[in-house]
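A structural walkthrough
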Amino acid sequence: MHFELELAKSLERYQPDLSATHAVGFCASVRHADFMAKKFKEVGLKAEVLLGETPSKIRDQRVQDFRSGQITFLFTVDVFSEGVDIPEINLVLFLRPTESLTVFLQQLGRGLRHYPEKDCLTVLDFVGQSHRKYRIDRKFSALLRTQRRRIDQEIEKDFPNLPPGCNIQLERVAREHILRNITESLGNLNHFIPEVIRTFTVETGLPLTFANFVESTGLTPLEILRSKTWTEWKKVANHELPPPDPDLQATRKALRRIILRTDPDRLDQLIHLSSLNAAEPTTSYGFNEQDSAALHYLLWGQKGEKIGVSSYQESFQKWRGNECSNDDLIEIATWRKSVHPYTTPLVVLPGNAKLRLHAAYGLSEIKSAFGLNNLDQAGPMGVGVIYIKSLKVYLHLVTFKKEERDFAPTTRYQDYLISRTRIHWESQAATTQATTTGQNYVHFKERGYTILFFARQEKRIEGETSPFIFLGAATNLISAEGNRPIAMVWDLEHPVPAELFEEARVA
């Protein structure tokens, strides 16, 4: 089927009324733009080209005619130059693969300006043959509400996580082509990542750093670190021997955990720890007991005896003996600090616990903040609720999206955000309002209790255990209904970030 015929059929299907259409088609070259304008004119459509070399007088006239409706289609290359702003655009045609994600978003953005009587923007993207390294997945990931999603699953499920009011429809052949492209480019990272590393600086003009690699490839950090450390990938790409780190299997896991943490103080501590000279014994790291415990479990994920250490000094010295993983940690923690999604003011809590609002913490780090674990004891393994009697504190650990494989029917509580400052939460299954726990909730203010909420969207992110976002304290109990469990509505002291609320609402 001829391309122009396929394009005409798509216009008839998705934009049948051209009377109020202001369409821009982005082409591969000047010759391509001229060809498209010629073909459209041949079938009676009002079309012209608008290029950088178009004389300014003709250019201005065509923009004026386009805005007034005398021209329906403008064909161009890349993006319009500065000073060309046409908010009337309500149809965008992508007529060739766009290698640059930035250019793609700029082109898309040309149609996203508000204008009277403009209800929506229609985007027709014509996917033809493309090089196997062309990253179609990045284009779709950039349109999602959150990019922490497997894009192949988004496509298969018809994009459930698009922003409100948006819709993507894929033709059957295009759908198959896109899924095949994603499978080929991402399905075997053992070939893809080393290949990109070897040519990275030449192709991008940037130094090969973890941050630059994530930004340029569009791979998620967890995808990159799923089976190898950053140094391992570089050595594979350069056909070098594996890193000599003695605890490489454990450090792989640690780096994946650190990818998901967002407390800037903790990240600074990790950078400080790994920046020390491993050959020089250090007797004091400057960390208090709570921070030492948090760092130990973040690095090793288990008690000291399990890894053969009897002090935090030994624990940290053991980590510093992994020279390549030390270097990786510095790069990864530095990247993580630069892309933190929310502001994180410090909050001082009972027991002098210090946490940052809306930062991400693993369960062990939450317990460390309240002195509930140490090198020898992993602390309580509460499911959903941890009660700290000595401090009169309840820690509520909430997972909004509960998969059947992860939660039994008796623990699939109805926990969700009602608004940015209000949360619906259900107690544990055995709790009634007449029990001591139930009464502590109902009369939490009079009895001096602190109710803290930690929440995550789902139990796992790309196979890794999800951390919890600290939502802060409850200020009021709005309602408490029923028993076993008690359904409660709480007011939160601090509003949940808008992006986090929107993602939780969908979950």
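Overview of the structure. (Residues numbered from 1 in each chain as written. Predicted model: local features only at pLDDT ≥ 70, side-chain atom pairs only at ≥ 80, totals over all residues. Heavy atoms only, no water.)

**Considerations on empty space enclosed by the protein**
Following the criterion strictly, the structure yields 2 cavities of 30 Å³ or more and no others. As a volume, the second largest cavity reaches approximately 40 Å³. Lining the second largest cavity we find F400, L417, A455, R456, Q457, I469, L471, V496 and L500. Residue assignment for the lining of the second largest cavity shows that the elements contributing at least two residues are β13 (450–456) and β16 (468–481). When the residues that make up the lining of the second largest cavity are grouped by side-chain class, the tally is 7 nonpolar, 1 polar and 1 charged. (1 Å grid on protein atoms, 1.4 Å probe; cavity = no way out; pocket = protein on both sides within 12 Å on 5 of 7 lines; lining within 4 Å. Points joined across faces, edges and corners; volume = space filled by probe spheres on them. Helix = DSSP H or I, 4+ residues; strand = E, 2+ residues; numbered from the N terminus. Nonpolar A, V, L, I, M, F, W, Y, C, P; charged D, E, K, R; others polar.)

**Thoughts on the nonpolar core**
If you look at the biggest cluster of nonpolar residues, it comprises 43 residues, and the most contacted ones within it are F210, F213, I224 and L299. With 6 residues, helix α8 (residues 189–204) is the single largest residue contributor to this core. Aside from chain neighbours lying at most four places away, what touches F210 is P221, I224, L225, W230, I259, E331, I332 and W335. (Core = buried A, V, L, I, M, F, W, Y, C linked by side-chain atoms within 4.5 Å. Buried < 20%, exposed > 50% of the residue type's maximum accessible area, 1.4 Å probe, protein only. Contact = heavy atoms within 4.5 Å.)

**What about the pairing of strand β11 (residues 416–419)?**
Pairing analysis gives 3 bridges linking β11 to strand β12 (residues 422–426), with the strands arranged antiparallel. Along β12, the bridge assignment pairs Y416 with H424. In this antiparallel pair of consecutive strands, β11 and β12, the connection spans 2 residues. (Pairing = 2+ DSSP bridges.)

**Observations concerning the packing of aromatic side chains**
Enumeration over the complete set of coordinates arrives at 23 aromatic pairs. Judged by centre distance (5.6 Å) and plane angle (35°), the rings of Y394 and Y449 are tilted. Of the two residues, Y394 is situated in strand β10 (residues 393–399) and Y449 in the loop between α19 (436–442) and β13; the sequence distance between them amounts to 55 residues. On the basis of relative accessibility, which here comes to 2%, the residue Y394 falls in the buried class. (Phe/Tyr/Trp six-rings, centres within 6.5 Å; stacked < 30°, edge-to-face > 60°.)

**Brief notes about the environment of V63**
Examined against the element boundaries, V63 turns out to sit in helix α3 (residues 56–68). Relative accessible area serves as the criterion here: at 17%, V63 is assigned to the buried category. Residues V63 and L74 lie 11 residues apart in sequence; the distance between their C-alpha atoms is 8.8 Å.

**Brief notes about the sheet that holds strand β4 (residues 91–94)**
Taking strand neighbours across the sheet as the criterion, the 5 strands line up as β2-β3-β1-β4-β5 in an open arrangement whose pairing is parallel. What marks the edges here is a single partner per strand, and that holds for β2 (47–49) and β5 (122–125). In this sheet, neighbouring strand axes are inclined to one another by 20° on average, regardless of whether the strands run parallel or antiparallel. Bridge count between β4 and β5: 4 bridges; the pairing is parallel. Following the sheet pairing, L91 is matched in β5 by T122. Together, β1 (23–27), β2 and β3 (73–77) form the strand contacts of helix α2 (residues 30–42), whose direction differs from that of β2 by roughly 165°. (Axes fitted to C-alpha atoms, helices over the stretch in contact; angles between N-to-C directions.)

Honestly, it's all geometry; don't read function into it.
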